[in-house]
Amino acid sequence: MTSQIDKAKAFHALHVKGNPVVLYNAWDPGSAAIIARAGAKAIATGSWPVAAAFGFADGEKIPLDVALDNIRRIVATVDLPVTMDLESGYGVEPAKVAKTVSRALEAGAIGFNFEDQVVGGSGLHDIAFQAERIAAAAEAVKASGIPAFINARTDIFLKAKPDAHSDDLVDAAIERAQAYAKAGAHGFFAPGLGDEALIGRLCKEVELPVNIIALAHVPPKAKLAELGVARISYGPVPYRQMAEWLEAKARAAFE
């Protein structure tokens with residue numbers, strides 16, 4: 001078995017602008033094993049599919065203990081780097097975020113998504129405060145001795161419809177990316193963004209490797225690579241497609 005430290009280092013190395021690592025999101029040990037057999041270089045969970053698989057709604061409704069046990073089981077099942085979607089850290093204050101991060105690393109994760117939206121609210125955390133939260137996460141990572149990958153997510157583009165995405169929103173995202181990088185983030189996640197020109201600008205002006213989620217309105221992998229994207233994830237898409245297939249098969253069986 002590869003050590004957690006080696007897995008973390010390998011995961012960092014997968015993030016190359018123009019040659020994006022593809023993370024086809026899993027939700028439990030079984031799905032992770034299937035994705036690993038398909039040729040994955042790393043496994044990533046998504047908060048929505050994990051919550052749905054365990055009967056919860058998204059938005060930190062799944063108990064953290066359950067989510068962490070799921071990570072432990074995934075890590076025990078696949079000999080690949082496993083990064084966890086920690087949503088907004090299961091707590092607002094930096095100290096709480098740090099504790100959550102420490103627990104995720106103890107469970108075997110080598111990285112995590114950490115978003116800036118206010119869970120249970122409608123807006124985003126103030127940039128300075130979110131930077132404090134990221135800094136606390138970075139300190140927890142340092143204290144653990146595991147060089148984990150902090151993927152700082154902004155929900156700016158999810159809060160607006162795709163046809164409303166603009167250079168002004170990219171300006172706001174760049175400001176956040178710069179603050180998050182200074183606080184200790186290793187990657188910048190901009191889910192919802194699909195416009196080629198805006199993605200290209202974001203990748204060019206943000207030093208951190210940029211993560212784009214492969215939604216229906218997003219360019220294909222080859223174009224994203226050309227634009228400078230370093231990480232492509234699939235979020236809830238695999239689970240939703242699986243659920244549609246399963247329901248269709250079940251309905252046919254019941255007819």
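Above: the structure in question.
Undergrad: What's the story with the side chain of Asp116 in this structure? I'm lost.
TA: With respect to the secondary-structure elements, Asp116 resides in the loop between strand 4 (111-115) and helix 6 (127-144). Within the local environment of Asp116, its side chain forms a polar contact with the side chain of Arg176, the two groups lying 3.3 Å apart. Looking at Asp116, its side chain comes within polar contact range of the side chain of Tyr180, at 2.8 Å. Excluding anything up to four places from it in sequence, Asp116 contacts Leu124, His125, Gln130, Arg153, Thr154, Asp155, Arg176 and Tyr180.

Undergrad: I'm lost on the packing of aromatic side chains in this one. Help?
TA: Each aromatic ring pair is characterised by the separation of its centres together with the angle its planes make. Applying the stated criterion across every chain, the model contains 5 aromatic pairs. Arranged with centres 4.8 Å apart and planes meeting at 50°, the rings of Tyr24 and Tyr234 form a pair that is tilted. Taken together, the residues span a long stretch of sequence, with Tyr24 in the loop between strand 1 (21-23) and helix 2 (29-37) and Tyr234 in the loop between strand 8 (231-233) and helix 10 (237-254) at a distance of 210 residues. Taking relative accessible area as the criterion, Tyr234 reaches 23% and is therefore assigned partly exposed. Its guanidinium or amino end placed over the ring of Trp48, Arg240 lies 4.4 Å from that ring's centre, counting from NZ or CZ.

Undergrad: Can you walk me through the nonpolar core in this structure?
TA: Buried together is how nonpolar side chains tend to be arranged in soluble globular proteins. Among the nonpolar cores identified, the biggest contains 66 residues, and Ile43, Val101, Leu202 and Ile212 are the most heavily contacted of them. Element by element, the count of residues in this core is highest for helix 6, at 7 residues. In this structure, Leu23, Ala42, Ala44 and Phe149 belong to the second largest nonpolar core, which totals 10 residues.

Undergrad: Is there a simple way to think about the packing of helix 5 (residues 94-106) against helix 6 in this case?
TA: When two helices pack together, their arrangement is given by the angle between the helix axes and by the axis-to-axis distance. Where helix 5 contacts helix 6, the axes come no closer than 8 Å and their chain directions differ by 35°. In terms of crossing hand, the pair formed by helix 5 and helix 6 is right-handed. Of the residues in helix 6, those in contact with Pro94, Val97, Ala98, Val101, Ser102 and Leu105 of helix 5 are Phe129, Glu132, Arg133, Ala136, Ala137, Ala140, Val141 and Ser144. Within the contact of helix 5 with helix 6, the residues separate by chemical class into 10 nonpolar, 2 polar and 2 charged.

Undergrad: What am I meant to see in unusual backbone geometry here?
TA: What is expected of a backbone is that most residues other than glycine have negative phi and most peptide bonds are trans. In this structure, Glu87 is a non-glycine residue whose phi angle is positive, near 50°. Judged by relative accessible area, Glu87 falls into the buried class, the value being 3%. Within the chain, Tyr90 stands out as a residue other than glycine whose phi angle is a positive 50°. By the secondary structure assignment, Tyr90 is in the loop between strand 3 (82-85) and helix 5.

The rules we used
- Residues numbered from 1 in each chain as written.
- Predicted model: local features only at pLDDT ≥ 70, side-chain atom pairs only at ≥ 80, totals over all residues.
- Heavy atoms only, no water.
- Helix = DSSP H or I, 4+ residues; strand = E, 2+ residues; numbered from the N terminus.
- Polar contact = N/O pair within 3.5 Å; in protein donor to acceptor, adjacent residues only side chain to side chain.
- Contact = heavy atoms within 4.5 Å.
- Phe/Tyr/Trp six-rings, centres within 6.5 Å; stacked < 30°, edge-to-face > 60°.
- Buried < 20%, exposed > 50% of the residue type's maximum accessible area, 1.4 Å probe, protein only.
- Lys NZ or Arg CZ within 6 Å of the ring centre and 35° of its normal.
- Core = buried A, V, L, I, M, F, W, Y, C linked by side-chain atoms within 4.5 Å.
- Axes fitted to C-alpha atoms, helices over the stretch in contact; angles between N-to-C directions.
- Left-handed = near helix turned anticlockwise from the far one by under 90°.
- Nonpolar A, V, L, I, M, F, W, Y, C, P; charged D, E, K, R; others polar.

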